[in-house]
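# Structural features, examined
One letter stands for each residue in the lines below.
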Amino acid sequence: KERRRILLGLVFKASRTNREYLIFTLYHQLTEEDLTEEESMTLGEIGARFGVTRERVRQINEKTLKRLILLIKQEPEQIQDVLRGKSLDDWIPT
């Protein structure tokens, strides 16, 4: 559960907008609660929720993932601090 919160914090920091954050977390089923298979959403369902096409959902996911990877590469020491439990509040969305 704590690792999930840390991952959500990293995704939040890598996302440029709340919409990107929500789309990425829905796409990868990264919510505070575990989703069952019946609750998971398709690209089309996510797109309909935000008024974009499934292709746009895919593009947003890809861009956010690239920024997340770049963030991890650029700030390895800060991420290690977070994983050790330091400065957690700076990374977790409120």
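Residues numbered from 1 in each chain as written. Predicted model: local features only at pLDDT ≥ 70, side-chain atom pairs only at ≥ 80, totals over all residues. Heavy atoms only, no water.

As a further point, take the overall build of the chain. A tally of helices and strands in the chain yields five helices and zero strands. Sequence-ordered secondary structure for the chain, helices as α and strands as β, is α-α-α-α-α. Pairs at least 24 residues apart make up 60% of the contacts formed inside the chain by residues separated by at least 6 positions. (Helix = DSSP H or I, 4+ residues; strand = E, 2+ residues; numbered from the N terminus. Contact = heavy atoms within 4.5 Å.)

A low pLDDT score tells you not to read the predicted coordinates there in detail. In this model, the chain carries an average pLDDT of 80, and 72% of its residues clear a pLDDT of 70 or more. The least confident element of the chain, judged by mean pLDDT, is helix α5 (residues 76–83) at 68; the most confident is helix α3 (residues 43–50) at 94. (pLDDT = per-residue confidence, 0-100.)

So, on to the environment of Ile23. Among the secondary structure elements, Ile23 is positioned in helix α2 (residues 18–27). Judged by its relative accessible area of 0%, Ile23 falls in the buried class. Each C-alpha atom of the pair Ile23 and Arg49 lies 9.4 Å from the other, and the pair is 26 residues apart in sequence. (Buried < 20%, exposed > 50% of the residue type's maximum accessible area, 1.4 Å probe, protein only.)

The interhelical angle for the contact between α2 and helix α4 (residues 54–74), taken along N-to-C directions, is 95°, at an axis separation of 9 Å. With respect to α4, the element α2 is oriented roughly perpendicular. Between α2 and α4, the contacting residues are Arg19, Glu20, Ile23, Phe24 and Tyr27 on the first element and Arg56, Val57, Ile60, Asn61, Thr64, Leu65, Arg67 and Leu68 on the second. Here the residues of the contact of α2 with α4 are counted per class, giving seven nonpolar, two polar and four charged. (Axes fitted to C-alpha atoms, helices over the stretch in contact; angles between N-to-C directions. Parallel < 35°, antiparallel > 145°, perpendicular 65-115°, else oblique. Nonpolar A, V, L, I, M, F, W, Y, C, P; charged D, E, K, R; others polar.)

Note on placement: Thr25 falls in helix α2. The exposure class of Thr25 is buried, given its relative accessible area of 5%. In this structure Thr25 touches Leu8, Val11 and Leu30, once residues within four positions along its chain are discounted.

What follows is about the pattern of salt bridges. In total, this model carries four salt bridges according to the counting rule given. Between Arg58 and Glu55 there is a salt bridge whose closest N-O contact spans 2.6 Å. A residue pair is termed a helical-turn pair when its members lie 3 or 4 positions apart in one helix, as Arg58 and Glu55 do in helix α4 at three residues. Owing to a relative accessible area of 32%, Arg58 belongs among the partly exposed residues under this scheme. Here the salt bridges do not stand alone but share partners, grouping Glu55, Arg58, Glu62 and Lys66 into one network. (Salt bridge = Lys/Arg side-chain N within 4 Å of Asp/Glu carboxyl O.)

This part takes up the side chain of Arg67. Position of Arg67 relative to the elements: it lies in helix α4. Overall, Arg67 belongs to the buried group, its relative accessible area being 18%. Setting aside residues no more than four positions away along its own chain, Arg67 makes contact with Ala14, Ser15, Arg16 and Glu20.

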